[in-house]
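Overview (structure and organization)
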Amino acid sequence: MNFKNLGVIEPIWRALLAEGYKEPTPIQEQSIPILLNHKDLLGCAQTGTGKTAAFAVPILQHLYLDKHRIKGHRKIRALIVTPTRELAIQIAESFHAYGKYTGIKNTVIFGGVKQGAQTNELRKGVDILIATPGRLLDLMNQGFINLRDIEYFVLDEADRMLDMGFIHDIKKIIAKLPEKRQSLFFSATMPPDIVNLSRKILGNPEKVTVRPEQTTAEKVEQAVYFVHKKNKAKLLIHLFESNPVDSTLVFSRTKHGADKIVKLLGKAGINAAAIHGNKSQGARQKALGDFKNGDIGVLIATDIAARGIDIDQLSQVINYDIPNIPETYVHRIGRTGRAKASGIARSFCDLEERAYLKDIQKLINQEIPIVGDHPFLKDPVSELGKQPPSGQKRSASGGQTNQANKNERNKHRKYYSRRKV
Ligand code: AMP
């Protein structure tokens, strides 16, 4: 199967070939014919599956074939709403790459920067607008953007939109869209509130599902390292020193944690940068740019900042902290092993995180292999012996607290004596 067979026109498949896309990914193969047929689409797929081209290619093709109908100043005819600035920029870059022989113009708007450059681009006229919700509403309210000519609407990463509290913004945007349009709705997960939201947007959609399990199980090699919390930084440095890889994305649960990791790595002579919500847009773009062009080999990110970042040749993902939401793990490791590439995802798991690990394994329906021979595989029992769990004091006379510690130790011994969790 190739893009030509799917009905994609020459100026677009030529651009896809130039990007190195020889054949469509499953989501593209399933979605492109539906969308070329002007149907609404409910796509259950995460970033990393090739979903950007799945929606961008048909939109570009419709606009291109219809180009001559539009006389005079360009009007915004396609709107893509996505939760984060990084994702918005990447989608715009993809439209640019896939549409380079079509003459179709797009621009991207997002918050956290001055609006002048964005409104200048809008004034010049664009066919496609990629936007984060807040800045979109802001510029609509100021009269820079009108949605009355929208013919194609994409809501991307809907579950993340809701997690990030964008539901009211989304509803306001939907209310301004023309009734007659083609709508596309993408979400990695489909809990009931997402299904409800999709009903507000879509007519009678065709459904396409690419299971996260597929991407996780088939492409990404995974490994878990049991390690005491306080040894995680040492383990990270050890991994970089013993097994240098070109590009590593390290996930930290907190912004503060991300900065701390950068500092610790710096002390060990490993050049890294962090991206998270407390960094300015300029600093985030610079870090991402340096990472993409190989000036730095390690990028530390929080989940929200890393959402959807697309880096070719990402060799490994390290979960410095295990995420407490299992789907987040799938999102994270989806950053490596993109499309046809293979990658490795290593996870550092301390005692408190073992329950999260169990949830993850349940979701992906896989046991993640344990690395049994790293230098920081401390016996958690002796750790506990030295340092009673918080809130508990060891009693010299071996009273109740000592018994509690013993029970706790037995629990952990049982846990760690099994080679697989
Ligand atoms: P996405 O899920 O849209 O973020 O795409 C994930 C990655 O896969 C990006 O790096 C794309 O450039 C790449 N990709 C998308 N479609 C294809 C394809 N058909 N062949 C090869 N790579 C692709």
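Residues numbered from 1 in each chain as written. Predicted model: local features only at pLDDT ≥ 70, side-chain atom pairs only at ≥ 80, totals over all residues. Heavy atoms only, no water.

Quick word on the overall build of the chain
A count of helical and extended segments in the chain gives 18 helices and 13 strands. Burial status across the chain gives 53% buried among its 421 residues. With the model as given, the accessible surface of the chain reaches about 19500 Å², and the carbon-plus-sulfur share is 49%. (Helix = DSSP H or I, 4+ residues; strand = E, 2+ residues; numbered from the N terminus. Buried < 20%, exposed > 50% of the residue type's maximum accessible area, 1.4 Å probe, protein only. Areas by Shrake-Rupley, 256 points an atom, 1.4 Å probe, with all protein chains shown as cover.)

Some remarks on the environment of Gly134
For Gly134, the location among the structural elements is in helix α6 (residues 133–141). Distance in space between the C-alpha atoms of Gly134 and Pro83 is 9.2 Å, their sequence separation being 51 residues.

Let's talk about the packing of aromatic side chains
Scanning the model with the defined rule gives five aromatic pairs in all. Centroid distance Phe55 to Phe95: 6.2 Å. Interplanar angle 45 degrees. Geometry classified as tilted. Note that Phe55 is positioned in helix α3 (residues 51–65) and Phe95 in helix α4 (residues 85–98), a separation of 40 residues in sequence. Neither residue differs from the other here; Phe55 and Phe95 are each classed as buried. In textbook terms, an aromatic cluster arises when at least three aromatic residues are bridged by ring pairs, as seen for Phe55, Phe95 and Phe186. Arg14 extends its terminal NZ or CZ atom over the ring of Tyr101, reaching a point 4.0 Å from the ring centre. A cation over an aromatic ring shows up here: Lys232 above the ring of Tyr320, its NZ or CZ 6.0 Å from the ring centre. (Phe/Tyr/Trp six-rings, centres within 6.5 Å; stacked < 30°, edge-to-face > 60°. Lys NZ or Arg CZ within 6 Å of the ring centre and 35° of its normal.)

What to know about helix α1 (residues 10–18)
All buried positions along α1 are accounted for by Pro11, Ile12, Ala15 and Leu16. For α1, the angular spread of the buried residues around the axis is 135 degrees, confining them to a single face. Turning to α1, the residues buried within the fold contact α3 and α4. Once α1 finishes, Gly20 follows within two positions and takes phi at roughly 90 degrees, a positive value. (Arc of directions from axis to C-beta. Contact = heavy atoms within 4.5 Å.)

What to know about the pattern of salt bridges
Taken as a whole, this structure holds 21 salt bridges when the rule is applied. One salt bridge in this structure joins Lys39 and Glu206, with 3.7 Å as the shortest N-O distance. Here Lys39, found in the loop between α2 (26–36) and β1 (41–44), pairs with Glu206, found in strand β7 (residues 206–209); they are 167 residues apart in sequence, far enough to count as distant. For Glu206, a relative accessible area of 32% puts it in the partly exposed group. The shortest N-O distance in the salt bridge between Arg74 and Asp127 comes to 2.5 Å. (Salt bridge = Lys/Arg side-chain N within 4 Å of Asp/Glu carboxyl O.)

Remarks on the pairing of strand β13 (residues 343–349)
The element β13 is largely enclosed, with a buried count of seven among its seven residues. Across the two faces of β13 the burial is the same, with Gly343, Ala345, Ser347 and Cys349 and Ile344, Arg346 and Phe348 all buried. As paired strands, strand β12 (residues 316–319) and β13 are joined by four bridges and run parallel to one another. Paired with Gln316 across the bridge in β13 is Ile344. (Pairing = 2+ DSSP bridges.)

Concerning the packing of helix α15 (residues 326–333) against helix α16 (residues 354–364)
Two elements in contact, α15 and α16, have axes separated by 8 Å at closest approach and are oriented at 70 degrees. Of the possible angle classes, the one that applies to α15 and α16 is roughly perpendicular. Facing Pro326, Glu327, Tyr329 and Val330 of α15, the residues of α16 in contact are Asp359, Ile360, Leu363 and Ile364. For the contact of α15 with α16, a count of residues per class yields six nonpolar, no polar and two charged. (Axes fitted to C-alpha atoms, helices over the stretch in contact; angles between N-to-C directions. Parallel < 35°, antiparallel > 145°, perpendicular 65-115°, else oblique. Nonpolar A, V, L, I, M, F, W, Y, C, P; charged D, E, K, R; others polar.)

Description of unusual backbone geometry
In this model, His38 sits at a positive phi of 65 degrees, which is unusual for a non-glycine residue. The topology assignment puts His38 in the loop between α2 and β1. The class of His38 is exposed, set by a relative accessible area of 52%. The backbone phi angle of Glu157 is positive, close to 50 degrees, even though this residue is not glycine. Inspection of the secondary structure puts Glu157 in the loop between β5 (152–155) and α7 (158–163).

A word on helix α8 (residues 167–175)
Inspection of α8 places Asp169, Ile170, Ile173 and Ile174 among the buried residues, and these make up the whole buried set. Down the axis of α8, the smallest arc covering the buried residues is 135 degrees, so these residues share one side. Residues of α8 that are exposed and angled more than 90 degrees away from the buried face: His168 and Ala175. Buried residues belonging to α8 abut β2 (78–81), α6, β5, α7 and α9 (192–201).

Considering the nonpolar core
Counting 42 residues, the largest nonpolar core has Phe55, Ile59, Ile80, Phe95, Ile128 and Ile130 as the members making the most contacts within it. Among the secondary structure elements, those contributing two or more residues to this core are α1, α2, α3, β2, α4, β4 (128–131), β5 and β6 (182–187). Not counting residues within four places of it along the chain, the set of residues in contact with Ile59 comprises Ala78, Phe95, Ile128, Tyr152 and Val154. Counting 31 residues, the second-largest nonpolar core is a separate cluster that includes Leu79, Ile109, Leu136 and Ile170. (Core = buried A, V, L, I, M, F, W, Y, C linked by side-chain atoms within 4.5 Å.)

A short note on the sheet that holds β7
The strand order across the open sheet formed by seven strands is β3-β4-β2-β5-β6-β1-β7, and the pairing between neighbours is parallel. Here the strands that pair on one side only, and so sit at the sheet edges, are β3 (106–109) and β7. Averaged over all adjacent pairs, the angle separating strand axes in this sheet is 15 degrees, with direction ignored. Direction of pairing for β1 relative to β7: parallel, over a ladder of four bridges. The partner of Gly43 across the bridge, within β7, is Val208. The strands touched by α4 within the sheet are β2, β3 and β4, with β3 carrying the most contacts at an inclination of about 175 degrees.

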